[in-house]
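So the chains spell out like this:
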Amino acid sequence: MGLTVFTNYEEVAAVILFVIGMMNLLLQANLIKKIIGLDIMDCAVYLFLAAKGYIEGRHAPIYIDNITDASYYINPVPSGLVLTGIVVSVSVSALMMALTVSLYKEYKTLNLDEIMMKLRNEESEELGKLTYGDIMEEEQ
């Protein structure tokens, strides 16, 4: 058991990175730090896929020297998944950053707890402005 941890150090590093990213998502109130935590988790998944796709002694699946035997090459699917995941991750990160900028412009803070408190205050003010007649009209 203890020996496999030292031979699979890429997988161990991926799990440690994933846990760091998850803790960052759970414990941080700042939206930028949450986005960074999600990016760390993405990198951990890519590291894990790349580590699983690599086979010692095999080469990239590029047709060279007329070698057509499949046992000479690594599986190209994990590499393709990693590249696709990176593209999706960059897009999602850009969207999250754009939404974070718009939230900052609206509420002047990046702290998620403060944003939620301001939203609740706005909601209670909206409800406080309603009169009994407005509520009766909405029910009918």
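In the block above lies the structure referred to throughout.
Numbering of residues starts from 1 in every chain and runs along the sequence as written. Only residues with pLDDT of at least 70 get local features here, since the model is predicted, and only at 80 or more are side-chain atom pairs given and counted; chain-wide, interface and lining totals rely on the full set of residues. Neither water nor hydrogens contribute to the side-chain values; these are computed over all heavy atoms in the structure.

**Description of the overall build of the chain**
What counts, and what does not: Elements are defined by DSSP. Helices are runs of H or I of four residues or more, strands are runs of E of two residues or more, and each kind is numbered from the N terminus. Between two residues, a contact is recorded if the distance between any of their heavy atoms is within 4.5 Å. All accessibility values rest on the Shrake-Rupley procedure with a 1.4 Å probe; residue burial counts only the protein chains present in the view.
Of regular secondary structure, the chain possesses 6 helices and 0 strands. Walking the chain from its N terminus toward its C terminus, one meets helices and strands in the order α-α-α-α-α-α. Here the contacts in the chain between residues at least 6 apart in sequence split such that 48% fall between residues at least 24 apart. Here the chain has roughly 10400 Å² of accessible surface; of this, 67% comes from carbon and sulfur atoms.

**Side note on a nonpolar patch on the surface**
For clarity, the cut-off: Patch construction takes residues with relative accessible area above 30% that form no salt bridge. Like charges are linked within 9 Å, and nonpolar side chains (Val, Leu, Ile, Met, Phe, Trp, Tyr) are linked within 5 Å. A pairing counts as a salt bridge when a side-chain nitrogen of Lys or Arg comes within 4 Å of a carboxyl oxygen of Asp or Glu. For every residue, the accessible area obtained with a 1.4 Å probe (protein chains only) is divided by the maximum for its type, and the residue is called buried under 20%, exposed over 50%, and partly exposed between those limits.
On the surface, V15, V19, M23, L26 and L27 cluster together into a nonpolar patch covering about 500 Å² of accessible area. The topology assignment puts L27 in helix α2 (residues 9–27). Take L27: its relative accessible area is 65%, and that puts it in the exposed class.

**Let's talk about the side chain of T109**
Inclusion rule: Counted as a polar contact is a pair of N or O atoms within 3.5 Å, where, for protein atoms, one must be capable of donating a hydrogen and the other of accepting one, and residues adjacent in sequence contribute only when both atoms are in side chains.
By the secondary structure assignment, T109 is in the loop between α4 (77–107) and α5 (112–129). Of the residues examined, T109 reaches a relative accessible area of 10% and is grouped as buried. A polar side-chain atom of T109 sits 3.0 Å from a polar atom in the side chain of E114. Residues contacting T109, with those up to four places away along its chain left out, are L103, Y104, E114, I115 and K118.

**Examining α4**
For clarity, the cut-off: Residue count minus one, scaled by 1.5 Å, sets the expected span of a helix.
Taking 1.5 Å as the rise per residue, α4 with 31 residues should run 45 Å; its terminal C-alpha atoms sit 44 Å apart, in good agreement. Positive phi shows up at K108, right after α4, with a value of about 60°.

**Quick word on the packing of α2 against helix α3 (residues 31–53)**
In plain terms, the rule: Whenever a helix is involved, its axis is fitted only over the stretch in contact; in every case the axis is a line through C-alpha atoms, and angles between N-to-C directions fall within 0 to 180 degrees. Between 65 and 115 degrees an angle is taken as roughly perpendicular, under 35 as roughly parallel, over 145 as roughly antiparallel, and anywhere else as oblique. Should the near helix be turned anticlockwise from the far one by less than a right angle, the crossing is left-handed, and should it be turned clockwise, the crossing is right-handed. All amino acids are sorted into three groups, where Ala, Val, Leu, Ile, Met, Phe, Trp, Tyr, Cys and Pro are nonpolar, Asp, Glu, Lys and Arg are charged, and the leftover types, Gly among them, are polar.
The interhelical angle for the contact between α2 and α3, taken along N-to-C directions, is 165°, at an axis separation of 8 Å. If you check the angle between α2 and α3, you find them roughly antiparallel. Seen from above, α2 lies across α3 with left-handed handedness. Across the contact of α2 with α3, the residue classes tally to 15 nonpolar, 3 polar and 5 charged.

**Digging into the pattern of salt bridges**
The tally for this structure, following the rule as stated, stands at 1 salt bridge. A salt bridge links K52 to E11, with the shortest nitrogen-to-oxygen separation between them at 3.4 Å. Residue K52 is found in helix α3, and its partner E11 is found in helix α2; the two are separated by 41 residues along the sequence. Accessibility expressed as a relative area gives 13% for E11, which makes it buried.

**Concerning the packing of α3 against α4**
At their nearest, the axes of α3 and α4 sit 10 Å apart, and the two run at 180° to each other. Considering their axes alone, α3 and α4 lie roughly antiparallel with respect to each other. Touching L31, I32, I35, L38, D39, D42, Y46, L49, A50 and G53 of α3 are P78, L81, V82, G85, I86, S89, S93, M96, M97, T100 and L103, all from α4. Within the contact of α3 with α4, the residues separate by chemical class into 14 nonpolar, 5 polar and 2 charged.

**So, a negative patch on the surface**
Basically, it comes down to this: Positive charge is attributed to Lys and Arg, negative charge to Asp and Glu, and no charge count is given to His or to the chain ends. The atom standing in for a charge is NZ when the residue is Lys, CZ when it is Arg, CG when it is Asp and CD when it is Glu.
Together, E106, E122, E123, E125 and E126 make up a negatively charged patch on the protein surface. Ranked by residues supplied to the negative patch, first place goes to α5 with 4 residues. The residue E125 is located in helix α5 in this model.

Functional significance is not addressed by these values, which are geometric in nature.
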